Structure formats: C-alpha cells, structure tokens
Amino acid sequence: MSKVCEIDARGIYYKDLNKRIRDLIKQGVKKFILKNVNGQRYILDGIRENVEMDIYGVPGQDLGAFMDGPTIKVFGDGQDGIANTMGSGKIVVHGIAGDVCGYGMRGGKLFIKEDAGYRIGIHMKEYKDKVPVIVVGGKSGDFFGEYMAGGILVVLGMFTRKPSAPICGDFLGTGIHGGKIYVRGDVDPYLCGKECGIEKIEAENDETLRNILKEYCNDFNIDYNDVVKEKFTMLWPKTKRPYGNLYAY
Amino acid sequence: MVNKNRYNDPKDISNCGLCGFINKDRKLVSGEIIIKGIAIQHDRGNGLGGGFAAYGIYPEFKDYYALHLMCDSDMAMKNVEEFLNVTVMVKHSEPIPTRKTKAIVSSPKLKRFFVKPRGNSEDYERFGVEDGADDDYIVKIIMHINEKIDGAYVFSSGKNMGAFKGVGFPEDIAEFFRLDEYKGYIWTAHNRFPTNTPGWWGGAHPFTLLDWSIVHNGEISSYGINKRYLEMFGYKCTLLTDTEVVAYLLDLLIRKHKLPVRIACMALASPFWKHIDRMEDEEKNAFTALRMVYGSALLNGPFAILFANNDGLVGMNDRVKLRPLVVGTCDNTVYMASEISSLKEMNPEIDNVWAPKAGEPVIVNLDKTEKTVKGRGKK
C-alpha cells in the first residue's frame, strides 16, 4: 500500500468517502489528495493520526471537527463549522470560510486566507501548552471570539471579497474572559464587547503574534513585512469572570 | 378561526436546506439544474418535505392564475371544482402530471386550474373587493378554499409560475412531479427537516400567494404576532407552518402597501435600535417610523429565506445570521443557497462566492420600473 492516496470524490456520498478514508488510514496511508470534493461532510472528524490531506473543491460542514493531529489544506472555499472543537493539528483554507468555525476549539491552528463568516472562534479554550489559533486574512462577521476563554484570534482584513465592509462585525469579543484577539488596524470600540480591554500594539513587539503571522505568511506566500507595517489592535479580557455576579444575589 | 386541519401544533423548528437562481435575461432553464442544487444538500433534510417553485413554466396560459390544488379526497376536489365553476372562468384544468416513483408511495389528489375572474361586478361585490381588483379577488378565492373546503388546499396560484411540493426528499419530489421536463427563468428549492409539526404535503415549502413564493430555513419565533397582524387584513393562516406568514407579509407590504422590496425587507428584518440610534437624523426617522408602523411584521428568530415573484429573486437572513446563506454569480445568472457546494453543483463555473451580511437582502430585480439594487449593497 502506497503511503500517498489520491481519491476522486466526485459524487461519492459522505459516509462512503469517510469510511474509505478511515480504512486507508488504518492501512497506513499517511497522505491523501482529494479531488472534486463538493459538500461532503465530516471529513477527518475525530481522526488522531498525523495524516496530511490536500482537498481540491469545497469540503462540507464540520471539516476536521474533533480532530487531533492531521494537517489539512483546502484549495477552494470552505463551509460552516470548520475545526469545530478541534484538539490539535492544522487546517489551511485558501478561500473563504463559513459560519461557526473553530467553535470550542481546544488546540491546533486554523488559517483562513480570505473572509470568514459569523461566530468564528466562539467559546475557544486553552490549557497549558494547548493554545488554539485562528487567523482570518479577510474580514470576519459578527460575534468574532464571543465568550472566548482562551487561545488567539487574529483578523487581518487584507484579502477580502467584501471591500466596503468593516474588518470585524458587531459584538466582537463579547463575554471574553481568556485569550487574546488581534485586529490589524483600528476597531470601532462600538463593535467591541464591554468585557474587552483595548490596546494598540506593534506586531513586532509581540512575540506570540509575530510567530503566528510568520507561519501564516509562509503558508500563503504573503509578504510578512506588508502585514506588520500596520499597527494592530489587541483585545484582552478585563476580567476572568465577567458574569461572576450574574446569578449571585 | 376554527382550524379545520387535524394537525394542531402551531410551532415548527427546522434545519433545512435551500437554493435558487434567477436568469436576468429571463432565459428558460431546465429543472435539472435546481434538482442538482438541492439534491447535494440531501442531508440538511429528513425526507419529510421537499418542494420547488418555477417561473416562466406556463407561457401558453400566462394571463391566467395557475391554481395548484391538493385534496385529501375526490370529494374535496369535486367541491373545489364546483366552487371554481361558480366564481371564476376556468380556461383549462388537468391533473398535475406525475410519474410513479419508488420513493413517493402516496400523494393527495393533485390538479391544476388555469383561471381568471369572470369580470362581473356581482362577483367582486360578493367577495368584498373593488371592481376589477383581480389579484384581491383571487386571494379571496384561495383563502375561501383553504379555510372552508374540507381537505382542499391551494398550494400555488400565480401567473406563469408554479409550486410543486410534498412529503419526501426534494430529489424524489422532483422526480414525482417530472420537474426535469419544465423550463423556468427563476427556480427555488427546499429540503425540509421539520421537528415540531408533522411533515404533511401542505406543510412543505415553498409557500405561495399569487406569484410570491418563499422557501425558508429556520424558525419564525414571531409567528403568533405576525399571524394576528395578518388576520386584521383578511389573511387566513391555515397551513400550520410558520413560513406561511412570510408569504402573506410580502403580499401585504409589497403588493398591497406598495413598499419597495428593499424597504419591505427592512421592515421584516429591521436594524436593531442600537444601530438606529447611531444613524443620521433623516435615516433615523425613517427607520423609527418603519419599526413603529410595521412592528408586528418584524420577523424574529433564525431564518434564511429566498423569495421570488415573476420579476425577481431575493435572499435574506435574520439580523444575527442564525442560518447560512451564500450567493454566487456567473454570466447573467445569480445563484443563492445554504451551502457553497450547492452553488457549485448548480454551476461549477461560479467563481465569486460571498456570504451576505445578516439582515441585508440580496435583491435581483427584473422589474424595470423599480430601481435595481444589487447584492453586496450598502444601506
């Protein structure tokens, strides 16, 4: 059995496709190339082996949900729920992504080249060395990082199909009580949750951000200097328990 | 109103799939395209409802209202025919063509009637509408059948358009109704996942009134308020699914009250007060007035909807984007769907895909008398 496997996914029902992938992983396949993917759900969900996968086309809902290790590259647009509750590994999307990506993410990286939908990175968490990271190269919708409990969110606003839209939507970081959000350029404080501290920084002076951006630029072949020539707005949680008194009376 | 329907749960929560497209040159396109677009979203539904709306399909009867009837029994259908024979001019009637399929094992009686008002003053007077107000008259006829004739429902009533729907997966419903044999310049489709109301034939999408059709993914939490508001204007909600109110609200706001489509959309999904507070005075006053006048038309809850009439297609989300909607274009056709995969399935050449902003309609209007506003728009 070859260690690289190419599959033409055109017209294959998602259950059959995923079963085939799982069987091949058991047989020792380490790298997959999926061609003509269109809408098949749950690809590599829950997989714990360090396999690689290149996807050509549009993978369906919940790509890489609960996965713990694999590296996925999507050469096309993605849909909703990418990296849902992902544990570790990496997903790189060379297009736009849908809503609720990185929901409750616990580790690993999700790099999106262009715009992302609503509710990206909500309920993200971190523990010790497990720090999830999402970078959106375009613009994000409302509720970016809502109820964020850990991890890093970055939005650049540079590669977008929505030139007239603001870089982030409304309710940015609402309920944040852990982690950090970096927005390239300015953010209207009106859009930010009242739990956010807001600070302007130079990317060059922030080691965490610097390392993330270098990796991101490397993956998409983007000029790093171009990205860091603007200042970033950093949002951070003013308190670890914003609702500590909500039910106390 | 005493509800004649035996299903009596007023609430519906669904997680459906939808898609649609419009050819801006009104070029007729085979139903095969839309069937592909909805079939790829098979798993967004559960086989308890599928349906389609198609525009431009009855050119030979384009001046007649095409009434699609579903009846529980031959007796109900006979009662409808007797009623139509004394209220409208029936140009032509026939069973709706179907084919035997493995998946659709039973269906109600299905028949279509191409009709128009007879044009005499007594008829208009009997139903309390103005002389010559044909659309109003036909609405009264539909409401009468749906409310008063036991076991009979009009599920489509526009000119040169038709809705086709039933219990089953949409691809099976399409095969059953032979939709591959129709050609239209606007098509919409729906895959239903009902969880709180029974999947019955009348409850499938699209919902229609005259040439308005609507397919909807989500839940109209404001159903009760909207229903009571519509009842004040004589609309009867008989189909026991929340989406019905959207079809009637569009009819009321756009046909009756003559609001431009964009303004009607702003009434259905109006900006939050916190946004209105930040507007310039003129805009602030306009939105405040809109919310005051049409407060009871506001749609609350999660939704992505596509609605169409003979002159256009509109896609819209609720104000906080609780359901997905994506749009793409290719040549002179605009495609909309719940998933990008559906757009690509309808046309692999689509290369500019985007997700519209929550609450902001994407309007494709072919009516030259109203100013065309394209997607990606600003307020």
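Up top you'll find the structure we're talking about.
Residues numbered from 1 in each chain as written. Chains lettered and ligands numbered in written order. Predicted model: local features only at pLDDT ≥ 70, side-chain atom pairs only at ≥ 80, totals over all residues. Heavy atoms only, no water.

Visitor: Before we move on, can you summarise the overall build of chain B with the specific residues and values?
Guide: A count of helices and strands for chain B gives 11 helices and 18 strands. For 379 residues, the compact-globule estimate of 2.2 N^0.38 gives 21 Å, and chain B sits close to it at 20 Å. Across its three principal axes, chain B shows a C-alpha extent of roughly 60 × 45 × 40 Å. Every one of the 379 residues in chain B was classed for burial, and the buried ones make up 61%. Considering only intrachain contacts with a sequence separation of at least 6, the fraction spanning at least 24 residues in chain B is 74%. If you sum the accessible surface of chain B, you get close to 14800 Å²; carbon and sulfur atoms cover 50% of it. In chain B, which carries 49 positive and 48 negative side-chain charges, the distance between the mean positions of the two groups comes to 2 Å. (Helix = DSSP H or I, 4+ residues; strand = E, 2+ residues; numbered from the N terminus. Rg over C-alpha atoms; globule rule 2.2 N^0.38 Å. Buried < 20%, exposed > 50% of the residue type's maximum accessible area, 1.4 Å probe, protein only. Contact = heavy atoms within 4.5 Å. Areas by Shrake-Rupley, 256 points an atom, 1.4 Å probe, with all protein chains shown as cover. Lys, Arg positive; Asp, Glu negative; His and termini not counted. Charge placed at Lys NZ, Arg CZ, Asp CG, Glu CD.)

Visitor: If you had to explain the pairing of strand 2 (residues 31-38) of chain A to someone new, which residues and values would you point to?
Guide: All names here are of chain A. Across 5 bridges, strand 1 (residues 4-8) lies against strand 2 in parallel orientation. Looking at strand 2, one finds that Cys5 is bridged to Phe32. Each parallel crossover has a hand, and the one from strand 1 via helix 1 (residues 14-26) to strand 2 is right-handed. Note: strand 2 against strand 3 (residues 52-58), 6 bridges, orientation parallel. By the bridge assignment, Phe32 is partnered in strand 3 with Met53. (Pairing = 2+ DSSP bridges. Right-handed = clockwise from strand over helix to strand, strands pointing away.)

Visitor: Lay out a negative patch on the surface in plain terms, naming residues and giving numbers.
Guide: Residues and elements named next belong to chain B. Taken together, the side chains of Glu122, Glu125, Glu130 and Asp131 make up a negatively charged region of the molecular surface. For Glu125, the location among the structural elements is in helix 3 (residues 121-126). Judged by relative accessible area, which is 64%, Glu125 ranks as exposed. (Patch = residues over 30% accessible without salt bridge, like charges linked within 9 Å, V, L, I, M, F, W, Y side chains within 5 Å. Salt bridge = Lys/Arg side-chain N within 4 Å of Asp/Glu carboxyl O.)

Visitor: Let's hear about the packing of aromatic side chains: which residues, and what values?
Guide: The tally for this structure, following the rule as stated, stands at 21 aromatic pairs over all chains. With 4.2 Å between their ring centres and 20° between their planes, Phe61 of chain B and Phe114 of chain B make a pair best called stacked. Taken together, the residues Phe61 of chain B in the loop between strand 3 (50-55) and strand 4 (65-71) and Phe114 of chain B in strand 6 (residues 109-117) connect sequence positions 53 residues apart. For Phe61 of chain B, a relative accessible area of 15% corresponds to the buried category. We note Lys165 of chain B situated over the ring of Phe207 of chain B; from NZ or CZ to the ring centre the distance is 4.3 Å. For Arg278 of chain B, the ring lying beneath its charged end belongs to Tyr190 of chain A, and the centroid distance is 3.3 Å. (Phe/Tyr/Trp six-rings, centres within 6.5 Å; stacked < 30°, edge-to-face > 60°. Lys NZ or Arg CZ within 6 Å of the ring centre and 35° of its normal.)

Visitor: Tell me about the interface of chain B and chain A, residues and numbers included.
Guide: The partner chain A presents 23 residues to the 23 residues of chain B that form the contact. Broken down residue by residue, the surface that chain B buries against chain A is led by Asp43, Arg278 and Ile340 of chain B, which jointly contribute 25%. Inspection of the chain B/chain A interface yields 2 salt bridges. With a shortest N-O distance of 3.2 Å, Arg278 of chain B and Asp188 of chain A are connected by a salt bridge. (Buried area = accessible area lost by both parts, 1.4 Å probe.)

Visitor: A description of unusual backbone geometry should follow, citing residues and the corresponding values.
Guide: The step from His205 of chain B to Pro206 of chain B runs through a cis peptide bond, and the omega angle for that step is 5°. As for its placement among the helices and strands, Pro206 of chain B is situated in the loop between strand 10 (186-191) and strand 11 (207-209). Phi is positive for Asn36 of chain A, which is not a glycine, with a value near 55°. Even without being glycine, His123 of chain A reaches a positive phi, approximately 60°. Note on His123 of chain A: relative accessible area 28%, which makes it partly exposed.

Visitor: I'd like a rundown of the pattern of salt bridges, residues and numbers included.
Guide: In the structure shown here, the tally under the stated rule is 30 salt bridges over all chains. With a closest N to O distance of 2.8 Å, Asp226 of chain A and Lys229 of chain A form a salt bridge. We note a salt bridge from Asp180 of chain B to Arg99 of chain B, for which the minimum N-O separation is 3.1 Å. You can see Asp180 of chain B sitting in the loop between helix 5 (170-176) and strand 9 (183-184) and its partner Arg99 of chain B sitting in the loop between strand 5 (88-95) and strand 6, a full 81 residues away along the chain. The exposure class assigned to Asp180 of chain B is partly exposed, which follows from its relative accessible area of 28%. Given the relative accessible area of 25%, Arg99 of chain B is considered partly exposed. One salt-bridge network, held together by shared partners, links Lys90, Lys109, Glu215 and Asp219 of chain A.

Visitor: Quick rundown of the packing of helix 6 (residues 223-231) of chain B against helix 7 (residues 244-256) of chain B? Include the residues and the values.
Guide: Residue and element names in this part refer to chain B. The interhelical angle for the contact between helix 6 and helix 7, taken along N-to-C directions, is 45°, at an axis separation of 10 Å. Accordingly, the angle class assigned to the pair helix 6 and helix 7 is oblique. In this structure, the crossing between helix 6 and helix 7 has a hand that is left-handed. Touching Tyr223, Asn226, Lys227, Tyr229 and Leu230 of helix 6 are Val245, Tyr248, Leu249 and Leu252, all from helix 7. Tallied by class, the residues present in the contact of helix 6 with helix 7 amount to 7 nonpolar, 1 polar and 1 charged. (Axes fitted to C-alpha atoms, helices over the stretch in contact; angles between N-to-C directions. Parallel < 35°, antiparallel > 145°, perpendicular 65-115°, else oblique. Left-handed = near helix turned anticlockwise from the far one by under 90°. Nonpolar A, V, L, I, M, F, W, Y, C, P; charged D, E, K, R; others polar.)

Visitor: Talk me through the sheet that holds strand 10 of chain B; I want residue IDs and the actual numbers.
Guide: Residue and element names in this part refer to chain B. Reading across from one edge, 8-3-10-1-16-15-17 is the order of the 7 strands in this open sheet, with antiparallel pairing throughout. With one partner strand each, in any of the chains shown, strand 8 (161-166) and strand 17 (352-354) form the two edges of the open sheet. Strand-to-strand twist across the sheet, computed as the mean angle between neighbouring axes with direction ignored, equals 10°.

Visitor: Break down the layout of surface pockets for me, with residues and values.
Guide: Roughly 610 Å³ of volume is contained in the second largest pocket. Every residue lining the second largest pocket is counted, 26 residues in all, and those nearest its centre are Asn38, Gly39 and Gln40 of chain A together with Ile40 and Glu345 of chain B. Elements with a minimum of two residues in the lining of the second largest pocket: strand 2 and strand 3 of chain A together with helix 1 (32-39) and helix 11 (340-346) of chain B. The class makeup of the residues in the lining of the second largest pocket is 10 nonpolar, 8 polar and 8 charged. (1 Å grid on protein atoms, 1.4 Å probe; cavity = no way out; pocket = protein on both sides within 12 Å on 5 of 7 lines; lining within 4 Å. Points joined across faces, edges and corners; volume = space filled by probe spheres on them.)

Visitor: Account for the pairing of strand 5 (residues 88-93) of chain A, with residues named and values stated.
Guide: Residue and element names in this part refer to chain A. Relative to strand 5, strand 4 (residues 68-75) runs parallel, the two being bridged by 5 bridges. Looking at strand 5, one finds that Val74 is bridged to Val93. Across 4 bridges, the pairing between strand 5 and strand 6 (residues 109-112) is parallel. Of the residues in strand 6, the one forming a bridge with Val92 is Phe111.

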